[in-house]
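Observations on the three-dimensional arrangement
This is what each chain is made of:
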Amino acid sequence: MKSLSLPDIYRSTNLNTIRMWEDNAEIREIRKENYYDPVKLALSTGIKPRMPFSVSQLINELNELTRDDPLADILPEHSFHFTFLPLTRPLYKANERLPSKVEQLKNIWAGYHSKKIVIRELRLIALPSQLLLAGIPDEPVIAMRQSFCEKILGSNWKDELLMRHSCSPLPAPFWHSTILRYSAAFIPVTVREYFLERQEMDYGDVTGELTLARISYNWRKFYPLEI
């Protein structure tokens, strides 16, 4: 996945979602299950950068827009993050001992740990029931993620990685943080209109150091592993 292709992918995703919204004016079916287990923790890699002021405004405005809507799940500001490569589904209880093979994972990750990455030109990406904030990484960062992914596929963490990506490409093309999850088939009209007014906005850049951590689905709980 080359960074030059990402803007086209992002634009295409937004256009496809807008077409779906045009055919579905209502929120339709309410989800009976959570997107991810809200209690158990997963293993993931990523960055927790400083939030740009424009993104803070975005989060505040979405909270105001959806404050009386129990179906809206907005990313907490202190959970702001960008995933590098998610490794497992939420499998672990908070105090559960990780399997002994975690040492192999740490050894692989040691070659990537604390490396600084930049994600530029942040913009809103719409899925039928979610809003993402996504950007463009530098070319070496894309190669770095591909390298890490291939090493995990060659390790005894392969099954966990494939299970985590059973419904998505590996690695996923987007470089993003999910800022709104809506527990229905489609987000409501008010949120759609908000997105349409801001889909061309540039929310700036973020920089952070790569970390391997045990995390909750939205990174509200964040426990870095010692490397």
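Note that the structure is predicted; figures quoted are calculated from it, not measured. (Residues numbered from 1 in each chain as written. Predicted model: local features only at pLDDT ≥ 70, side-chain atom pairs only at ≥ 80, totals over all residues. Heavy atoms only, no water.)

1. Section: the overall build of the protein chain
Going by this rule: Only runs of H or I of at least four residues qualify as helices and only runs of E of at least two qualify as strands under DSSP, and these elements are numbered from the N terminus. The globule rule used for comparison is 2.2 Å times the number of residues to the exponent 0.38, while the radius of gyration itself is calculated over C-alpha atoms. For each residue, the accessible area found with a 1.4 Å probe, counting protein chains only, is set against the maximum for its type, and the residue is called buried under 20%, exposed over 50%, and partly exposed in between. Areas reported here follow the Shrake-Rupley algorithm with a probe of radius 1.4 Å; residue values treat only the protein chains shown as occluding. For the charge count, each Lys or Arg is scored as positive and each Asp or Glu as negative, with His and the chain ends excluded. Positions of charges follow a simple convention, taking NZ of Lys, CZ of Arg, CG of Asp or CD of Glu.
A count of helices and strands for the protein chain gives six helices and nine strands. Relative to the 2.2 N^0.38 estimate, which gives 17 Å for 227 residues, the radius of gyration of the protein chain is 17 Å and therefore close to what a compact globule would have. C-alpha atoms of the protein chain, sized along the principal axes, occupy 50 × 40 × 30 Å. The 227 residues of the protein chain split such that 49% are buried. With an accessible surface of roughly 11,700 Å², the protein chain has 50% of that area assigned to carbon and sulfur atoms. A distance of 7 Å separates the average location of the 29 positive side-chain charges in the protein chain from that of its 28 negative side-chain charges.

2. Observations regarding unusual backbone geometry
Cis rather than trans, the peptide bond between L170 and P171 has omega equal to -10°. As for its placement among the helices and strands, P171 is situated in the loop between α5 (158-164) and β6 (176-182). Backbone geometry at E121 places phi at a positive 50°, although glycine is not the residue there. By secondary structure assignment, the location of E121 is in strand β4 (residues 116-127). The exposure class assigned to E121 is partly exposed, which follows from its relative accessible area of 40%.

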